[in-house]
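In case you want the letters, here they are:
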Amino acid sequence: NKYLLGKIEIVQRRSGDSFNMYLSDDNNNWYFFSFSGNQMMAVSSDEKWNNVIKEQKPEKRSVEKEKGKVSYMYNLNVASKAKSFLNKFSE
């Protein structure tokens, strides 16, 4: 277990809800997640973590739909999206 600092944004729209989440630790490591529709985008300051997603074949980057549940897919985001998200809070 680890204590993390973070920021979360939940956006509600007629077209569908979404959220953005930024987490960081005391060692300047950070993780950014963005979920909208049926797609989770993620990126980190840890390249090993990013490589796990990057090296996964695209057809393996989805969670299949179970009865009564929505399926989704995940992909690697870009670090500039995390920076843009953080800039919203410094304005």
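Quick notes on the rules
Residues numbered from 1 in each chain as written. Predicted model: local features only at pLDDT ≥ 70, side-chain atom pairs only at ≥ 80, totals over all residues. Heavy atoms only, no water. Phe/Tyr/Trp six-rings, centres within 6.5 Å; stacked < 30°, edge-to-face > 60°. Helix = DSSP H or I, 4+ residues; strand = E, 2+ residues; numbered from the N terminus. Buried < 20%, exposed > 50% of the residue type's maximum accessible area, 1.4 Å probe, protein only. Pairing = 2+ DSSP bridges. Contact = heavy atoms within 4.5 Å. Axes fitted to C-alpha atoms, helices over the stretch in contact; angles between N-to-C directions. Core = buried A, V, L, I, M, F, W, Y, C linked by side-chain atoms within 4.5 Å.

**Student:** Would you explain the packing of aromatic side chains in this entry?
**Tutor:** The description of an aromatic ring pair uses the distance of the two centres, along with the angle that the planes make with each other. Within the structure shown, the criterion is met by seven aromatic pairs. Taken together, a centroid distance of 6.1 Å and an interplanar angle of 25 degrees make the contact between F19 and F35 stacked. Placement of F19 in strand β2 (residues 18-24) and of F35 in strand β3 (residues 30-36) is noted, with a sequence separation of 16 residues between them. Look at F35 and you get partly exposed, because its relative accessible area is 22%. Arranged with centres 5.4 Å apart and planes meeting at 40 degrees, the rings of F32 and F85 form a pair that is tilted. Of this pair, F32 sits in strand β3 while F85 sits in helix α2 (residues 79-90), and the two are 53 residues apart along the sequence.

**Student:** Is there a simple way to think about the sheet that holds strand β4 (residues 39-44) in this case?
**Tutor:** The six strands lie next to each other as β1-β2-β3-β4-β6-β5, forming an open sheet whose pairing is mixed. Either end of the sheet is taken by a strand with one partner, and the two such strands are β1 (5-11) and β5 (62-63). Strand direction decides the pairing type here: β3 and β4, joined by six bridges, are antiparallel. In the strand pairing of β4, Y31 is matched with S44. Set on the sheet, helix α1 (residues 47-54) makes contact with β3, β4 and β6 (72-76); between it and β4 the angle comes to about 150 degrees. Relative to the sheet, α2 contacts β1, β2, β3 and β4, its axis offset from that of β1 by approximately 85 degrees.

**Student:** What should I look at first to understand the environment of N51 in this one?
**Tutor:** Within the secondary structure, N51 is located in helix α1. On a C-alpha basis, the gap between N51 and S18 in space is 25 Å, while along the polypeptide they are 33 residues apart.

**Student:** What's the story with the pairing of β4 in this structure? I'm lost.
**Tutor:** Two faces make up the sheet, and in a regular strand the side chains alternate between them. In textbook terms, the turn of a hairpin is the stretch between consecutive antiparallel strands, and for β3 and β4 this stretch comprises two residues, one of which, G37, has a positive phi near 60 degrees. One ladder, built from four bridges, connects β4 with β6; its direction is parallel. Following the sheet pairing, A42 is matched in β6 by L76.

**Student:** I would appreciate a short explanation of the nonpolar core in the present structure.
**Tutor:** Nonpolar side chains in soluble globular proteins tend to be buried together. By size, the foremost hydrophobic cluster in this structure holds six residues: Y22, W30, F32, V43, A82 and F85. Secondary-structure elements contributing two or more residues to this core are β3 and α2. The residues contacting F85, other than those within four sequence positions of it, are K7, I8, E9, N20, Y22 and F32.

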